[in-house]
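What follows is the residue order along each chain.
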Amino acid sequence: MFFPRDDSSLSRMDGYTVSSAMDVRPMTAVSGAGYQSKSMGTERHATRERRQEQHRSQPPREISRQMEKEVHSLIEESATLLDMDPYLSLEKAKEATKQEAALEKYCEEHHITTVHDSNLNLATWFHLASVYEKNGMFQEAIETYNFLMKQQKRPKEFLVRTRINLGNLYHSRNEYAEAIKNYRMALDQTTREEKLLRFQIHRAIGNILMEKGKLHSAILEYEAVSMNADADIDTCFNLFLCYAQVDDLKKSKNIFLRILSLKPVLDASSSIEKELIDSISSSDIDLYEDLTRLQKESRNLVFSAARILISMFNRNERESGFLWVQKQLDNRRYKDIAHQIEIEKALYHMKNCEFDIAVKIFKSFEIKDVEMRAMIATNLSFVYFVEGNFNVADEYADAALSINRFNPNTLVNKGNCFFVLDELTSAKQLYLEALSINPTHFEALYNLGLTNARLGMISDAKLAFEKLHSIITNDPRVLYHVANMYEQSDNNNAAMKWFNVLCACLPTDPGVLHRIGTFYDVLKDDSQSLHYHLESYRIYPTNLDVIGWLAIWFIKHEMYEKSIEFFKQASDIDPNEVKWKLMIGSCYRKIGRLDDALDVYEEVRNDHPRNVECLKYILSICHDLGRDCSRYEKEMNHLLKTSTTEEQ
């Protein structure tokens, strides 16, 4: 950035001597070897003499004009190169400062009566600081700005601009205190007539305070802007976010209404503005695209504010929140966003499993909005699929595909309908088609993996789930299927590795702990297997598979009392299963507690009088204890005869 040249200052010079810096060789890090071409030195000296002779023949006023033109030319070249080649732009900016210093020195040497105008000096150094900033040399830029602040002759506008740039630099370096200090000093130098500039400074201060979490202080800065006629949507939206953070529903509603009252970037409601928009679209495509982008961004902010405001209502007042927001949007020519909010309302009811209300809202759009039919049909297909009404879901999926076949969500819905009908090949084709449109579509990749697994294509299923893992890392569902695919491929080591990764994501999942314990059991690692099974039992003590494994493990290690505890718990969970009490009796017999074993077997006999195995154990114990067992022998003979008759 540089100040405009002042042509009135061109008539102030009376003489000129070119700085020797323009003619001599640039300084290098390595000095010469001591040899020099005599002809080259003679030629350079002759060139210098010719330039000096030309300058002697010109009046100082003309020479000063040429020098000033050179400075302006260097600044303009530097500004042009700033985006294309920042480093070359920096070299030009440095050269401009040197040339400007030579110009000022020339005025002093020739006793120019007119005082050298400081605007050019400020412009060159200000531009140099800006180029430093563009090159990422923030410390050099700050030092240059500080050097400029020490100059005596500087306009107030220049001082304000410098302070603002310093504030921006400190903000980019996260030095918030210094940034706010410079912004406030710039604000003190502005007048009340400079509204737009003051608003920008207030917004910059508010942004910093908001980043630091000082919401109440940020609110004061944003409020200084939001209720003025020249307020912008970004500041109002930031103020809305602050109110939402402090949970002030009343003020949030007021600032939401203020956002809706702001004039749109492109407003085709009036015929004059419509003609202006048409002329811009035909004459300046770049400008029209920028305006269209700003219009889209502003409408996205309105939609985001509407969603946040609805979420601030209590759950029992959420319905009224939707109605209030939709009404305000309808009243202020935001009908398309009001329709989007109604879709949000339907999705809200879907999340609460209130499918009837969601379906009613979706179906209302089939009449109200023709352009949204494809989206509505896609959502209705999903709702009916979740409800298990697959035929209707398939009809809506076909309707959505007939309108727009390039929507991956619609293709996935149709593929899901084929999947539940066990038409796996057709489902796979639709999932692949959805992935050709959006290669990172989660549902399409996930369902493709499930389909390949059902088709027995384990390697393809594994590739699909691993690709999904690379897109969305540490998703438990994906990790489980990757581990499961490796297990089905008989690669137990890789499967155990993935189950361990899954366990790191879900350290308290009893099923995962049980699976890892099973892998260690296959690998004959007793201690690790016991550890994971005990952890699974600790978290979920009613899993009969885990309880049974632990009881058997303690029997193998002849810790019968411990195994009895697990068998008793299994019997309490599943009292109709006879094997648990039989195992308890067996453990009592192993440790010589025959009376306790007999009591357990008697209990089993009463509950299951036709259990032959139980009677065998009772007869064995009675013989060992020397007790009368004739009654049990009669029952055994009767059971054996009955079973033989039944077999015949």
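Every value quoted in this text rests on a predicted model; they were computed, and no experiment measured them. (Residues numbered from 1 in each chain as written. Predicted model: local features only at pLDDT ≥ 70, side-chain atom pairs only at ≥ 80, totals over all residues. Heavy atoms only, no water.)

With that settled, the discussion passes to the side chain of Gln-328. Structurally, Gln-328 is set in helix α14 (residues 318-331). Taking the relative accessible area as the measure of exposure, Gln-328 reaches 11% and is therefore buried. Among residues more than four places away in sequence, those in contact with Gln-328 are Phe-256, Leu-257 and Leu-260. (Helix = DSSP H or I, 4+ residues; strand = E, 2+ residues; numbered from the N terminus. Buried < 20%, exposed > 50% of the residue type's maximum accessible area, 1.4 Å probe, protein only. Contact = heavy atoms within 4.5 Å.)

Before going further, it helps to spend a moment on the packing of aromatic side chains. Overall, the coordinates contain 17 aromatic pairs when judged by the stated rule. Between Phe-126 and Tyr-145 the ring centres are 5.7 Å apart and the planes differ by 65 degrees, which places this aromatic pair in the edge-to-face class. Here Phe-126 is found in helix α4 (residues 118-134), whereas its partner Tyr-145 is found in helix α5 (residues 138-149), with 19 residues between them in sequence. In this structure, Phe-126 and Tyr-145 share a single accessibility class: buried. Aromatic side chains Tyr-480 and Phe-499 sit 6.2 Å apart centroid to centroid with 70 degrees between the ring planes, which places their arrangement in the edge-to-face category. (Phe/Tyr/Trp six-rings, centres within 6.5 Å; stacked < 30°, edge-to-face > 60°.)

Roughly 510 Å³ of volume is contained in the largest pocket. Forming the walls of the largest pocket are 21 residues, and the residues nearest its centre are Asn-379, Phe-382, Asn-409, Asn-413 and Glu-443. Looking at the lining of the largest pocket, the elements that each hand over two or more residues are α15 (335-351), α17 (373-387), α19 (408-420) and α21 (442-454). At five residues, α17 tops the list of elements feeding residues into the lining of the largest pocket. When grouped by side-chain class, the residues that make up the lining of the largest pocket number nine nonpolar, nine polar and three charged. (1 Å grid on protein atoms, 1.4 Å probe; cavity = no way out; pocket = protein on both sides within 12 Å on 5 of 7 lines; lining within 4 Å. Points joined across faces, edges and corners; volume = space filled by probe spheres on them. Nonpolar A, V, L, I, M, F, W, Y, C, P; charged D, E, K, R; others polar.)

In this section: the packing of helix α13 (residues 285-311) against α15. Relative orientation of the contacting elements α13 and α15 amounts to 40 degrees, with a least axis distance of 10 Å. At the point where α13 passes α15, the crossing takes the right-handed sense. In this structure, α13 uses Arg-299, Val-302, Phe-303, Ala-306, Arg-307 and Ile-310 to contact α15, whose residues at the interface are Asp-336, Ile-337, Gln-340, Ile-341 and Glu-344. Within the contact of α13 with α15, the residues separate by chemical class into six nonpolar, one polar and four charged. (Axes fitted to C-alpha atoms, helices over the stretch in contact; angles between N-to-C directions. Left-handed = near helix turned anticlockwise from the far one by under 90°.)

This next bit is on the nonpolar core. Grouped together as the largest cluster of nonpolar side chains are 67 residues, with contacts concentrated most on Tyr-145, Tyr-183, Phe-256, Val-302, Val-325, Leu-329 and Ile-341. Of all the elements, helix α10 (residues 233-245) adds the most residues to this core, at eight residues. Non-local contacts of Ile-341, meaning those with residues more than four positions away in its chain, are made with Phe-303, Ala-306, Arg-307, Ile-310, Phe-322, Val-325, Gln-326 and Leu-329. Core analysis: the second largest hydrophobic core is formed by 40 residues, Leu-468, Ala-494, Tyr-520 and Tyr-532 among them. (Core = buried A, V, L, I, M, F, W, Y, C linked by side-chain atoms within 4.5 Å.)

Moving on to the confidence of the model for the protein. Per-residue confidence for the protein gives a mean pLDDT of 82, with 84% of residues at or over 70. This model gives residues 1-41 a pLDDT under 50, and the stretch forms 69 contacts once residues within four places in sequence are excluded. (pLDDT = per-residue confidence, 0-100.)

Two residues of an α-helix separated by three or four positions point the same way, owing to the 3.6 residues in each turn. Helix length check: helix α6 (residues 156-172) (17 residues) gives 25 Å between terminal C-alpha atoms against 24 Å at 1.5 Å per residue, within 8%. Here α6 lies mainly inside the structure; 12 of its 17 residues are buried. Of the positions making up α6, those classed as buried are Phe-158, Leu-159, Val-160, Thr-162, Arg-163, Ile-164, Asn-165, Leu-166, Gly-167, Leu-169, Tyr-170 and His-171. One or two positions beyond α6, positive phi appears at Asn-174, with a value near 60 degrees. (Expected span 1.5 Å × (residues − 1).)

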